[in-house]
Amino acid sequence: MKDYMISVSYIKAGYISVKAKSAEEAIRIANEHIDECPLCSDETYVDGSYEIVSEPYIVETDTQMYEKGILNYCPEKTNFTKEDKT
């Protein structure tokens, strides 16, 4: 059997601290500087946000690119062993 590279996405949430005179101002400042906001160190996974790319063409392309060294990722290994019986 072959290892396939399957793209997944999920949401993590956390907190940042913004100095301001009010909550409204803090939100405005954060939104104005969204590209500069740090990733949160206290992040937690948002339940139900995990998604798997389900288009075979994308999975095949990503797998080929990974095998050729074009995608430079270290994928998380799964331990799924049950084969599809269809």
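Above: the structure in question.
Residues numbered from 1 in each chain as written. Predicted model: local features only at pLDDT ≥ 70, side-chain atom pairs only at ≥ 80, totals over all residues. Heavy atoms only, no water.

Asks: Would you explain the overall build of the protein in this entry?
Replies: Of regular secondary structure, the protein possesses 2 helices and 4 strands. The helix and strand sequence of the protein, counted from the amino end, reads β-β-α-β-β-α. Expected size for 86 residues packed as a compact globule is a radius of gyration near 12 Å; at 19 Å, the protein overshoots this value by more than 25%. C-alpha atoms of the protein, sized along the principal axes, occupy 60 × 30 × 20 Å. Out of the 86 residues in the protein, the part that is buried amounts to 9%. Long-range contacts, defined as pairs at least 24 residues apart, comprise 76% of the intrachain contacts of the protein with a sequence gap of at least 6. (Helix = DSSP H or I, 4+ residues; strand = E, 2+ residues; numbered from the N terminus. Rg over C-alpha atoms; globule rule 2.2 N^0.38 Å. Buried < 20%, exposed > 50% of the residue type's maximum accessible area, 1.4 Å probe, protein only. Contact = heavy atoms within 4.5 Å.)

Asks: Whenever I open this one, the pattern of salt bridges confuses me. Can you help?
Replies: It is possible for side chains of opposite charge to pair when their charged atoms get near one another. Counted according to the given criterion, the structure contains 5 salt bridges. Taking the shortest distance from any N to any O, the salt bridge between E67 and K2 comes out at 3.7 Å. With E67 in helix α2 (residues 56-67) and K2 in the segment before β1 (8-9), this residue pair connects regions lying 65 residues apart in the sequence. Its salt-bridge partner being R28, residue E32 comes within 2.9 Å of it at the nearest N-O pair. With E32 and R28 both in helix α1 (residues 23-32) and 4 residues apart, the pair spans about one turn of that helix. Taken together, the salt bridges that share partners define one network made up of E25, R28 and E32. (Salt bridge = Lys/Arg side-chain N within 4 Å of Asp/Glu carboxyl O.)

Asks: Hey, could you run me through a nonpolar patch on the surface in this one?
Replies: A contiguous nonpolar surface patch, about 700 Å² in accessible area, is contributed by Y4, I6, V8, Y10, Y45, Y50 and I52. Owing to a relative accessible area of 47%, I6 belongs among the partly exposed residues under this scheme. (Patch = residues over 30% accessible without salt bridge, like charges linked within 9 Å, V, L, I, M, F, W, Y side chains within 5 Å. Areas by Shrake-Rupley, 256 points an atom, 1.4 Å probe, with all protein chains shown as cover.)

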